[in-house]
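In case you want the letters, here they are:
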Amino acid sequence: MRISEAGIAMLEAEEGVVLRAYRCPVGVWTIGAGLTAASGVVTPHAGMVITAHDASDLLKKALARNYEPAVDRAMAKGLPVQHEFDAGVMFHFNTGAIARASWVKAWIADNAAAARKGLAAWNKGGGKVLPGLVKRREREADLLLNGVYAPVKAAPATATAPRWSRIALPLSAEEFRAARAALASLGYAVGSDAIRIPAQAVEAFQRDHDLTVDGILGRATLSTLQRRIDARRKTAVAAPAVVMTGAGDSSGYTDALAGVPWAGAALLGLVLIWAAWLAFQYRDVIAAAVQRPLPRLARFLRSI
């Protein structure tokens, strides 16, 4: 089977479609509905731009190549109709776990309650229950069991001033607050309204990070924001490590190594290598920091 157009629309709404290539939180170039070079259908790179039609076409090719065959095999015994197959594809695209998910056996056995419960169990990321995944699993269960296609649409823009940022993904209140706090911590003016973010703040962030400037909190903007926060956290860890290798070390490590020839220099070298690796991993973050005074350097850092 192949996923339906309604299934594609719902999947794109869940994943968010980005028409300009961006780095995901772990630094991999990504475009469209979360497609990387590993998809086998596209090789995103700095400055790459596609159309919405291209994005849907690439997603269909990626699903046919990497996901639909596995869903066919896993659900074959249940003789899925279109909406059931679409739900399986959506789940597998997000988790890659259709072959081992307990809900599939429950669905084949026509046990709707167990199937819904089994789907709901796939709600964690990094060992934590994620509100966004809780809601996504609910929508997938409604599609699987009831045939309800429920694409999440961005909130309409307000016509009154100030303009507020729109949200292009199904974020929970907790996730929205985290994004708002992250922008504020980076110095962007999010204002005093706790449930909205001025579009100007999001646009300023997008402009600084070479993203499409549209004031929308979508996949690319949120991924880049996560990279900024990750880089800040890792830099905060790296700085004390550098200090510990010099005269400022009060931990006792320097004294312990004092009798080992060239141990201090070796430790400093390792720390500097780590710092250099960190800088390379987050070169796009450095590019954002130097964009205004050194635009050519920023372009170079984003190109590698």
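The model shown is predicted, which means the values in this text are computed figures rather than measured ones.

Our focus in this paragraph is the overall build of the chain. Along its length, the chain carries 14 helices and six strands. When each of the 304 residues of the chain is scored for burial, the buried share is 40%. Look at the contacts in the chain between residues 6 or more apart in sequence, and 56% of them connect residues 24 or more apart. Accessible surface computed for the chain: about 15,900 Å², of which carbon and sulfur atoms make up 61%.

Another point: the environment of I195. Locating I195 in the fold gives a position in the loop between helix 8 (173-185) and helix 9 (199-208). In this structure I195 comes out as exposed when scored by relative accessible area, which is 67%. For the pair formed by I195 and R180, sequence separation is 15 residues and the distance between their alpha carbons is 8.9 Å.

The subject of this paragraph is the packing of aromatic side chains. A full pass over the atoms with the stated rule returns four aromatic pairs. Taken together, the ring pairs in this structure connect F91, W103 and W122 into an aromatic cluster.

Right, let's talk about the pattern of salt bridges for a bit. Tallied over the full model, the rule gives 14 salt bridges. The partner of K60 in a salt bridge is E5, with the nearest N and O atoms 2.7 Å apart. Pair noted here: K60 is in helix 2 (residues 52-66) and E5 is in helix 1 (residues 5-15), with a separation of 55 residues, a long-range link. According to the relative accessible area criterion, E5 is exposed, its value standing at 54%. Here R219 ties to E15 by a salt bridge, and the two come within 4.0 Å at their closest N and O atoms. Taken as a pair, R219 in helix 10 (residues 219-244) and E15 in helix 1 lie far apart in primary sequence, 204 residues in all. Its relative accessible area of 10% is what places E15 among the buried residues. Salt bridges linked by common partners bring E15, R136, R137, E140 and R219 together as one network.

Across a regular strand the side chains alternate sides, sitting on one face of the sheet and then on the other. Strand direction decides the pairing type here: strand 1 (residues 18-23) and strand 2 (residues 29-32), joined by three bridges, are antiparallel. The residue bridging Y22 from the neighbouring strand is T30, located in strand 2. Linking two consecutive strands that pair antiparallel, namely strand 1 and strand 2, is a turn of five residues; a positive phi of about 95 degrees is found at G27 within it.

For the rest of this paragraph, the subject is the side chain of S172. You can see S172 is positioned in the loop between strand 5 (166-167) and helix 8. The buried category is assigned to S172, whose relative accessible area is 14%. When neighbours within four sequence positions are excluded, S172 is seen to be in contact with P131 and G132.

What follows covers helix 14 (residues 295-303). A turn of α-helix holds 3.6 residues, and therefore any two residues three or four places apart point the same way. All of the buried residues in helix 14 are A298, L301 and R302. Looking down the long axis of helix 14, one finds its buried residues gathered within 95 degrees of arc, a one-sided arrangement. Facing away from the buried side of helix 14 by more than 90 degrees, the exposed set consists of R296 and R299.

Let us look at the nonpolar core. Among soluble globular proteins, nonpolar side chains are generally buried collectively. With 37 residues, the main nonpolar core has L59, L63, M75, F91, I98, W103 and L144 as its most contacted residues. Contributions of two or more residues to this core are made by helix 1, helix 2, helix 3 (68-75), helix 4 (82-95), helix 5 (102-108), helix 6 (112-120) and helix 7 (131-146). Among the elements that take part in this core, helix 4 stands out by supplying six residues, more than any other. In contact with W103, other than residues within four places in its own chain, are M75, G88, F91, I98, A115, G118, L119, W122 and L144. If you look at the next biggest cluster of nonpolar residues, it comprises 19 residues, including V190, A201, F205 and A220.

Here the focus is a nonpolar patch on the surface. A surface patch of nonpolar side chains, amounting to about 340 Å² of accessible area, comprises L294, L297, F300 and I304. Among the secondary structure elements, F300 is positioned in helix 14. Classification of F300 as partly exposed rests on a relative accessible area of 48%.

Conventions we followed
- Residues numbered from 1 in each chain as written.
- Predicted model: local features only at pLDDT ≥ 70, side-chain atom pairs only at ≥ 80, totals over all residues.
- Heavy atoms only, no water.
- Helix = DSSP H or I, 4+ residues; strand = E, 2+ residues; numbered from the N terminus.
- Buried < 20%, exposed > 50% of the residue type's maximum accessible area, 1.4 Å probe, protein only.
- Contact = heavy atoms within 4.5 Å.
- Areas by Shrake-Rupley, 256 points an atom, 1.4 Å probe, with all protein chains shown as cover.
- Phe/Tyr/Trp six-rings, centres within 6.5 Å; stacked < 30°, edge-to-face > 60°.
- Salt bridge = Lys/Arg side-chain N within 4 Å of Asp/Glu carboxyl O.
- Pairing = 2+ DSSP bridges.
- Arc of directions from axis to C-beta.
- Core = buried A, V, L, I, M, F, W, Y, C linked by side-chain atoms within 4.5 Å.
- Patch = residues over 30% accessible without salt bridge, like charges linked within 9 Å, V, L, I, M, F, W, Y side chains within 5 Å.

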